[in-house]
Amino acid sequence: MKNIASVLLILFSLTIFGLRISKKVVFKQNVSGYLKRAADANTIELAEEELTKAITYLEAENLTSGYTSILWQTPDEDIDFWYRNLKASQQELQTLESESALEKTNVLIKLRETLLDTGESTKVTVPDGLSVYPNNKMWAALMLLATLAGFFGFMIPIIEADKKAKAAAAKE
């Protein structure tokens, strides 16, 4: 019976982790991947096309305002500011009328700086937890529960084996 409980706990844990990973993959496919491509674009048209794909998805999924935070609101988790910044970049790309290569390059550099965070590594600027918004609290609880379930799922057989070993040693 304990083996069944152990397997069920591990399966529950893996299911929750798998669902969370799939949410992140879907978000990358529809938003952060396009933002990265927009940042890497070499022409205004290509950058605008990629940025528009990401913005269209955000608007369709209503990911345009709110905070992704669970306990307190911090500026890096402000979806509204981030979204308005993306829209301003899109507007700038769409209304650029200059034929000057220097101006186009400057706009692309500005876009890259807007879309990417550089530090130890370069990553797309996205509020943490946006892939599971607006259910961030639920997902935090599920991830905690899945971690505990996985831990206990692996510990039950270890504890049982230890008990059997001690019982066998006591008989000798």
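Predicted, not measured: the structure shown is a model, and the values here were computed from it.

Enquirer: Looking at this model, I keep getting lost on the packing of aromatic side chains. Mind explaining?
Expert: The geometry of an aromatic ring pair is captured by the separation of the ring centres together with the interplanar angle, meaning the angle of the planes. Considering all chains together, one arrives at one aromatic pair under this definition. Plain terms: the ring middles of Phe 151 and Phe 152 are 5.3 Å apart, the flat faces sit at 75° to each other, and that makes the pair edge-to-face. Using a relative accessible area of 47% as the deciding quantity, one classes Phe 151 as partly exposed.

Enquirer: Hey, could you run me through helix 1 (residues 2-40) in this one?
Expert: Turn by turn, an α-helix covers 3.6 residues, leaving residues three or four places apart pointing in a common direction. Given a rise of 1.5 Å per residue, 39 residues ought to cover 57 Å, and the 53 Å separating the end C-alpha atoms of helix 1 matches this to within 8%. If you look at helix 1, its biggest bend is around 55°, right at Lys 28. Among the residues of helix 1, those classed as buried are Ser 6, Ile 10, Ser 13, Ile 16, Phe 27, Val 31, Ser 32, Leu 35, Ala 38 and Ala 39. Residues of helix 1 that are buried sit in contact with helix 2 (44-60), helix 3 (79-95), helix 4 (101-115), strand 1 (116-117), strand 2 (123-124) and helix 5 (136-171).

Enquirer: Sorry if this is basic, but what is going on with the side chain of Glu 77 here?
Expert: Along the chain, the position of Glu 77 falls in the loop between helix 2 and helix 3. Despite its burial, Glu 77 pairs with no opposite charge, the nearest such side chain being Lys 123 at 11 Å. The residues touching Glu 77, leaving out its near neighbours within four places in the chain, are Gly 66, Tyr 67, Thr 68, Ser 69, Trp 72 and Pro 127.

What counts and how
Residues numbered from 1 in each chain as written. Predicted model: local features only at pLDDT ≥ 70, side-chain atom pairs only at ≥ 80, totals over all residues. Heavy atoms only, no water. Phe/Tyr/Trp six-rings, centres within 6.5 Å; stacked < 30°, edge-to-face > 60°. Buried < 20%, exposed > 50% of the residue type's maximum accessible area, 1.4 Å probe, protein only. Helix = DSSP H or I, 4+ residues; strand = E, 2+ residues; numbered from the N terminus. Expected span 1.5 Å × (residues − 1). Bend = angle between axes of the 7 residues up to and from the residue. Contact = heavy atoms within 4.5 Å. Lys, Arg positive; Asp, Glu negative; His and termini not counted. Salt bridge = Lys/Arg side-chain N within 4 Å of Asp/Glu carboxyl O.

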